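Read off the chains here:
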Amino acid sequence: MAVAFKVTGVERGQWSVLGVSGELDLMTSPVLRQRVHDAVAEGHHSLVLDLSDVFFCDSSGVGVLIAARRLIRSCQGRLRLILPAQGAVDGSHVNRVLGALGVRRLFDVYPDVAAAVDDEPLSA
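Residues numbered from 1 in each chain as written. Predicted model: local features only at pLDDT ≥ 70, side-chain atom pairs only at ≥ 80, totals over all residues. Heavy atoms only, no water.

1. Some thoughts on the pairing of strand E1 (residues 6-12)
Note: E1 against strand E2 (residues 15-24), 7 bridges, orientation antiparallel. Across the sheet, Glu-11 pairs through a bridge with Ser-16, a residue of E2. Between the antiparallel neighbours E1 and E2 lie 2 residues, among them Gly-13 with a positive phi of about 65 degrees. (Pairing = 2+ DSSP bridges. Helix = DSSP H or I, 4+ residues; strand = E, 2+ residues; numbered from the N terminus.)

As structure tokens, this is what we get:
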């Protein structure tokens with residue numbers, strides 16, 4: 001059974017939110033990379049990547065996330081990731097992968113879209 005990979009986009013105030021679902025891997029990561037580039041080219045420099053429906057992520061997917069961070073930073077933008085603490089099995093797969101690789105600290109991580117698009121500072 002093939003699982004569809006989808007990237008959907010919505011605007012939430014000044015934020016462009018890309019919802020990603022399916023497997024983020026060697027075959028699908030170029031789609032996300034292109035969508036991020038398209039959003040930035042259209043002038044969206046405040047970007048949220050909702051990864052809560054991504055159930056698998058390999059190194060090419062991580063590479064796309066790091067490249068997106070680099071691109072957004074190059075235009076003084078903001079990138080936020082949605083990585084819910086609770087997922088289908090013991091939290092978000094992407095969250096675990098980023099943590100295992102030691103790169104999670106590079107990203108501003110939020111539990112849901114509402115928190116990510118709220119520009120109030122997070123309480124520590």
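2. Some points on unusual backbone geometry
One non-glycine residue, Gln-76, adopts positive backbone phi at about 50 degrees. Inspection of the secondary structure puts Gln-76 in the loop between helix H2 (59-74) and strand E4 (78-82).

3. A few points about the sheet that holds E4
Neighbouring strands of a sheet are bound in pairs by backbone hydrogen bonds; such pairs are parallel or else antiparallel. Spatially, 5 strands are ordered E1-E2-E3-E4-E5 in an open sheet, and the strand pairing comes out mixed. The open sheet has two free edges, formed respectively by E1 and strand E5 (108-110), since each of these has just one partner strand. Shown here is a sheet whose adjacent strand axes are inclined to one another by a mean of 25 degrees, direction ignored. Seen against the sheet, H2 touches E2, strand E3 (46-57) and E4 and runs at an angle of roughly 150 degrees to E4. (Axes fitted to C-alpha atoms, helices over the stretch in contact; angles between N-to-C directions. Contact = heavy atoms within 4.5 Å.)

4. Digging into the pairing of E4
Judged by how many residues are buried, E4 sits mostly within the fold: 4 of 5 residues are covered. Alignment of E3 against E4, held across 5 bridges, turns out to be parallel. The residue of E4 that forms the bridge with Leu-47 is Leu-79. For the segment spanning E3, H2 and E4, crossover handedness is right-handed. As paired elements, E4 and E5 share 3 bridges and run parallel to each other. By the bridge assignment for E5, Ile-82 is matched with Tyr-110. (Buried < 20%, exposed > 50% of the residue type's maximum accessible area, 1.4 Å probe, protein only. Right-handed = clockwise from strand over helix to strand, strands pointing away.)

5. Let's talk about helix H3 (residues 93-101)
For H3, the full list of buried residues reads Val-94, Asn-95, Val-97 and Leu-98. Within H3, the buried residues cover an arc of 165 degrees as seen down the axis, which keeps them to one side. Buried positions along H3 lie against E3, H2 and E4. Count one or two residues on from H3 and you reach Gly-102, which has phi positive near 75 degrees. (Arc of directions from axis to C-beta.)

6. Focus: H2
With 16 residues, H2 extends 22 Å between its outermost C-alpha atoms, agreeing within 8% with the 22 Å of an ideal straight helix rising 1.5 Å per residue. Among the residues of H2, Ser-60, Gly-61, Val-62, Val-64, Leu-65, Ala-68 and Ile-72 are the ones counted as buried. Along its buried surface, H2 packs onto E2, helix H1 (29-41), E3, E4 and H3. One or two steps after H2, the chain reaches Gln-76, where phi turns positive at roughly 50 degrees. (Expected span 1.5 Å × (residues − 1).)

Such coordinate-based values are descriptive only and should not be taken to indicate function.
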